[in-house]
Protein chains: 2
Amino acid sequence: MLGLFQDKPDLIVHSRDPLNAEPPLARLRSRFLTDTADFYIRTHGNMPEPDAEKHRVTVKGDVARERTWTLRDLQGRFETRTVTAVMQCAGNRRADLQEVRATTGDPWAPGAIGNAEWIGASLADVLREADVRERPGLHVAFEALDIARNEGAKDAPYGASIPLEKAMSGEVILAWGMNGSSLRREHGAPLRIVVPGYAGVRSVKWVSAIRVQPKPSNAFQQRHDYLLFPPDMSPETQDPARGTAIYEMPLNSAICEPGPETTLPAGSTTVRGYAIATGRPIVRVDVSVNGGRDWQQATLEEKGDQPWSWTFWHIAVDLWKGEHELVVRAWDAAGQTQPSRPDDVWNFKGYLSAAWHRIRVRVD
Amino acid sequence: MLGLFQDKPDLIVHSRDPLNAEPPLARLRSRFLTDTADFYIRTHGNMPEPDAEKHRVTVKGDVARERTWTLRDLQGRFETRTVTAVMQCAGNRRADLQEVRATTGDPWAPGAIGNAEWIGASLADVLREADVRERPGLHVAFEALDIARNEGAKDAPYGASIPLEKAMSGEVILAWGMNGSSLRREHGAPLRIVVPGYAGVRSVKWVSAIRVQPKPSNAFQQRHDYLLFPPDMSPETQDPARGTAIYEMPLNSAICEPGPETTLPAGSTTVRGYAIATGRPIVRVDVSVNGGRDWQQATLEEKGDQPWSWTFWHIAVDLWKGEHELVVRAWDAAGQTQPSRPDDVWNFKGYLSAAWHRIRVRVD
């Protein structure tokens, strides 16, 4: 574990065991496709290292033909697909919520996100090869090799599920590669799931079984964790029946440069960041240098036909001597925008922190 | 015109010519399927009354076979489809924005919305019958019989367009009926377009031609009006290049009962309203009786398999003597919620007013 951490001297490590780490924002913003070495790492327990030659994944449950494949079987039998997609933790930007009131979970800055090229088989192809019975209301549960340490419950294999409809959409990948190379251990080698548009919790790493079933996964991550609770609910009063399972992620944006609390020279400063909306284009990004009183429109950088990627933006602003609050908010193609205050989205687990992103800078 | 208005003594009329009117909110909230007599009316000019036997609609442009049909032809040739869908004006709830600063347009309360059963042919079927050339990037423009009075421009036939991809989705209807009867004159008889999920401007009434073309409609409504502008833009500085055409509508919700400025008896009061998210389920509705400091969860009423309908909600709250600010906000399945303040979404045309809905009541 420590060895792995030492390979990444520049990540901000929130926890060493399990390893949870994110890149500094300027480096995150430096490339549209995030370097694998800069990709955030989120683990829930141990970090398995199965033999890539011997590891098998079984497709079972509500299928006519249960099938078991090795990585090599999959590579030989299925067309290789590449999907460029953002992966983001449901807790990305949690630190902003913790400034309102304490939450559970690590204090992620806006770096628990990355955009990568994922390489593998289409999960729809894999399920069809097992003669999946396509009926409304079914779920696809992923079972993993890692043993998650679950707060208030027994350690158990990590698991999560997605609706069968999403699994059959063609965009979900049973992935063996990332950014042109084999998956690295911390990203789920030799096989993981990648669910574009959904919170990272559903993109199960070290996957060993895929089960089609009438109900969502029975695993702790599905039933008790990764639920969006109302603001009045606390760790003591939490009731899973009053939470909503987190699948699609909300509209979000963040300032990556300059960093918070930076001291800048007077004059023109270029502000840079990202914006992301699930399944909808970003149509406008507004930046304010006075805490949200006035807004200017940032330039949206060209990203081509990349529906699951983020949108990079930048804008040159003039800053005079003194303290300034820089703010960003994004708008999607449905005219939807972000809430202004973290307090408006606070929940005790600190999920879906998607209010306007604000940083303070000082100009000398 | 006056005769028509006299048929609807209970609508709130913002303008008689063109006729723009909406129902009182308690009546709007009384039925999941809005009575046709209670459905908001939005017109941009005259109100044509073509002969239903002779009226024709032509499908032209980028199609292999230009076709012209009467209403009877359409009813004979195409399978009849029924889609239950909300129609809402892009200016619904504009009055809340006008409390921040003046905007152009009528001061719509939250009643410029309704949920109806629309009956007609699938636009996809109609376009296929004309051998439409399905290519990415095409648009379907609708030409209408009404002559719109356009602010700052010449009077011209009303027109608007949608992307071909949406037109071919199967959910867009070339409608001749509403709630089990023929369309009424004010709702576009004998034929109109109904685009579920999109702002009402795209659901063109009195449609006479449907043209598949490489660009959006050239009509005033498409190119100059119904654009979402940044907050710094004014009628004097407006630049269509900096506006975004309004298609899909954002997440929204409103309190329908009690009405604003109502005086209530102390004790339990039932608060009722609607919530709507384009293409996503509403998963939670929060109600506050103290201006948004504390929230309770409303009961979401059962609506069955109605992806394009609104969600009705209600909650019993205890109110003590004094003044109270009741607030509602909704959450969709992507964990997205509404901005808190109208100021956060203000634009000079007063579109997409989707901040938390607030009303003041007095308890004696």
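Each chain has its residues counted from 1, running along the sequence as written. Whichever chain is written first becomes A and whichever ligand is written first becomes 1, with later ones labelled in order. The predicted origin of the model limits local features to residues at a pLDDT of at least 70 and limits the giving and counting of side-chain atom pairs to 80 or more, whereas totals for whole chains, interfaces and linings rest on all residues. Here the side-chain values reflect all heavy atoms present in the structure, with hydrogen atoms and water set aside.

Looking at an unreviewed UniProt entry, chain A carries the name Sulfite oxidase, with the source organism given as Faunimonas pinastri. UniProt positions are given in the numbering used here, feature names are shortened, and annotations may be inferred rather than shown by experiment. The annotation that UniProt attaches to chain A under Cofactor (unreviewed entry) is "Mo-molybdopterin".

Looking only at helices and strands, chain A features seven helices and 24 strands. We compute the radius of gyration from the C-alpha atoms alone; for a globule the expected value is 2.2 Å times N to the 0.38, where N is the number of residues. In terms of overall dimensions, chain A is globule-like: its C-alpha atoms have a radius of gyration of 21 Å, near the 21 Å expected for 364 residues. In terms of overall dimensions, chain A has a C-alpha envelope of 70 × 45 × 45 Å along the principal axes. Exposure categories follow from relative accessible area, calculated using a 1.4 Å probe and restricted to protein chains: below 20% of the type maximum is buried, above 50% is exposed, and the middle band is partly exposed. Every one of the 364 residues in chain A was classed for burial, and the buried ones make up 60%. The contact rule is simple, with two residues in contact once any of their heavy atoms fall within 4.5 Å. Here the contacts in chain A between residues at least 6 apart in sequence split such that 70% fall between residues at least 24 apart. For chain A, the exposed surface amounts to about 14,200 Å²; the carbon and sulfur share of it is 46%. Here Asp and Glu are counted as negative and Lys and Arg as positive; His is not counted, and neither are the chain ends. Charged side chains are reduced to one point each, which is NZ for Lys, CZ for Arg, CG for Asp and CD for Glu. The averaged location of the 47 negative side-chain charges in chain A is 3 Å from the averaged location of its 44 positive side-chain charges. Secondary structure elements follow DSSP: runs of H or I no shorter than four residues count as helices, runs of E no shorter than two count as strands, and numbering proceeds from the N terminus. Using a 1.4 Å probe, the Shrake-Rupley method yields the accessible areas, and only the shown protein chains count as cover for residues.

Here we take up the pattern of salt bridges. By convention in these notes, a salt bridge is any Lys or Arg side-chain nitrogen within 4 Å of a carboxyl oxygen on Asp or Glu. In this structure the tally under the stated criterion is 65 salt bridges over all chains. When the shortest N-O distance is used, the salt bridge between Asp-125 of chain B and Arg-81 of chain B registers 3.1 Å. With Asp-125 of chain B in helix 5 (residues 123–129) and Arg-81 of chain B in strand 6 (residues 81–88), the pair connects residues that are 44 residues apart, well separated along the chain. Judged by relative accessible area, Asp-125 of chain B falls into the buried class, the value being 18%. Exposure remark for Arg-81 of chain B: the relative accessible area of 27% places this residue in the partly exposed category. A salt bridge links Arg-329 of chain B to Asp-286 of chain B; its shortest N-O distance comes to 3.0 Å. Residue Arg-329 of chain B is located in strand 23 (residues 322–332), and its partner Asp-286 of chain B is located in strand 19 (residues 282–288); the two are separated by 43 residues in the primary sequence. Among the ionic contacts, a cluster of salt bridges with common partners joins Glu-79, Arg-81, Asp-125 and Arg-128 of chain A.

The subject of this paragraph is the relation of the copies chain A and chain B. When chain A is fitted to chain B, the best match, at an RMSD of 0.0 Å, comes from turning it 180° and sliding it 0.0 Å along the axis. Each copy turns onto its partner about a two-fold axis. Closest to the rotation axis within chain A is the C-alpha of Pro-339 of chain A, separated from it by 2.0 Å. A shared binding surface is used by both copies, with 100% of the interface residues of chain A retained as interface residues in chain B. For the least-squares superposition of copies, only C-alpha atoms count, and only for residues with pLDDT at least 70 in both.

A few words now on the side chain of Ser-288 of chain B. Residue and element names in this part refer to chain B. Looking at the secondary structure, you find Ser-288 in strand 19. Residue Ser-288 is classed as buried on the basis of its relative accessible area, which comes to 0%. Of the polar contacts made by the side chain of Ser-288, one reaches the backbone oxygen of Asp-294; its length is 2.8 Å. Non-local contacts of Ser-288, meaning those with residues more than four positions away in its chain, are made with Arg-293, Asp-294, Trp-295, Glu-325, Leu-326 and Val-327. A 3.5 Å cut-off defines polar contacts: any pair of N or O atoms within that distance qualifies, except that in protein one atom must be a possible hydrogen donor and the other a possible acceptor, and neighbouring residues in sequence count only when both atoms are side-chain atoms.

In this section: the packing of aromatic side chains. Residue and element names in this part refer to chain A. In summary, the pairing rule links any two rings of Phe, Tyr or Trp, Trp by its six-membered ring, whose centres are within 6.5 Å, and it sorts them by plane angle into stacked for under 30 degrees, edge-to-face for over 60 and tilted for everything else. Overall, the coordinates contain 22 aromatic pairs over all chains when judged by the stated rule. A ring pair is formed by Tyr-40 and Trp-108, whose centres lie 6.2 Å apart and whose planes are at 85°; its orientation type is edge-to-face. Placement of the pair is Tyr-40 in the loop between helix 2 (25–28) and strand 3 (41–42) and Trp-108 in the loop between helix 4 (94–98) and strand 7 (113–122), with a sequence separation of 68 residues. There is no split in this pair, since Tyr-40 and Trp-108 are both buried. By the ring-pair criterion, three or more aromatic residues cluster together here, those being Phe-32, Tyr-274, Trp-310 and Phe-312. Note on geometry: a ring has a charge over it if NZ (lysine) or CZ (arginine) is within 6 Å of the ring centre and within 35 degrees of the ring normal. Cation over ring: Arg-284 sits above Trp-331, and NZ or CZ is 4.5 Å from the ring centre.

Residue and element names in this part refer to chain A. Here we have five strands laid out as an open sheet, ordered 5-4-13-8-9, and mixed in their pairing. The open sheet terminates on both sides in strands that have one partner only, identified here as strand 5 (67–70) and strand 9 (156–163). Going from strand to strand, the sheet's axes swing by 20° on average, the running direction of each strand aside. With four bridges joining them, strand 4 (residues 56–61) and strand 13 (residues 207–213) adopt parallel strand pairing. Any two strands between which DSSP finds at least two bridges are classified as paired. Lines are fitted to the C-alpha atoms to define the axes, a helix being fitted only along its stretch in contact, and any angle between axes, read from their N-to-C directions, falls within 0 to 180 degrees.

Taken together, the contact between chain A and chain B spans 34 residues of the former and 34 residues of the latter. Both faces combined, the contact of chain A with chain B buries some 2,500 Å², and carbon together with sulfur accounts for 48% of it. Where chain A touches chain B, the interface holds two salt bridges. One salt bridge connects Glu-248 of chain B with Arg-280 of chain A, and the closest N-O pair in it is separated by 3.0 Å. Inspection of the region where chain A meets chain B yields 13 residue pairs in polar contact (both at pLDDT 80 or more). Listed by contribution, the elements that provide at least two residues to the side of chain A that touches chain B are strand 19 (282–288) and strand 23 (322–332) of chain A. In terms of residue class, the side of chain A that touches chain B is built from 16 nonpolar, eight polar and 10 charged. Note: buried area is the sum, over both parts, of the accessible area (probe 1.4 Å) each one loses when the two are combined. In this count, Pro and Cys sit with the nonpolar residues alongside Ala, Val, Leu, Ile, Met, Phe, Trp and Tyr, while Asp, Glu, Lys and Arg are called charged and the others, Gly among them, polar.

Residues and elements named next belong to chain A. Disulfides are defined in this document as cysteine sulfur pairs within 2.5 Å. What the rule picks out here adds up to zero disulfides over all chains. Residue Cys-89 stays outside any disulfide, its sulfur separated by 16 Å from that of Cys-256, the closest cysteine. Residue classification places Cys-89 among the buried positions, given a relative accessible area of 6%.

Residues Asp-17 of chain B and Pro-18 of chain B are joined by a peptide bond in cis, for which omega reads 5°. Mapped onto the fold, Pro-18 of chain B is located in the loop between strand 1 (12–16) and strand 2 (19–22). Note that the residue after Ala-189 of chain B, namely Pro-190 of chain B, is joined by a cis bond; omega there is 5°. Its identity as a non-glycine residue notwithstanding, Leu-352 of chain A has a phi of 50°, on the positive side.

What follows is about the environment of Val-285 of chain A. Residues and elements named next belong to chain A. Tracing the sequence through the fold places Val-285 in strand 19. Among the residues examined, Val-285 registers a relative accessible area of 0% and is labelled buried. Discounting residues that sit within four places of it in the chain, Val-285 has contacts with Ala-275, Gln-296, Gln-297, Ala-298, Leu-300, Trp-313, Val-328, Arg-329 and Ala-330.

Residues and elements named next belong to chain A. Spatial strand order, 1-2-3: three strands in an open sheet with antiparallel pairing. Strand pairing shows two members of the sheet lacking a second neighbour, strand 1 (12–16) and strand 3, which therefore form its edges. The pairing of strand 1 with strand 2 (residues 19–22) spans four bridges and is classified as antiparallel. Considered in strand 2, the bridge of Ser-15 is made with Asn-20.

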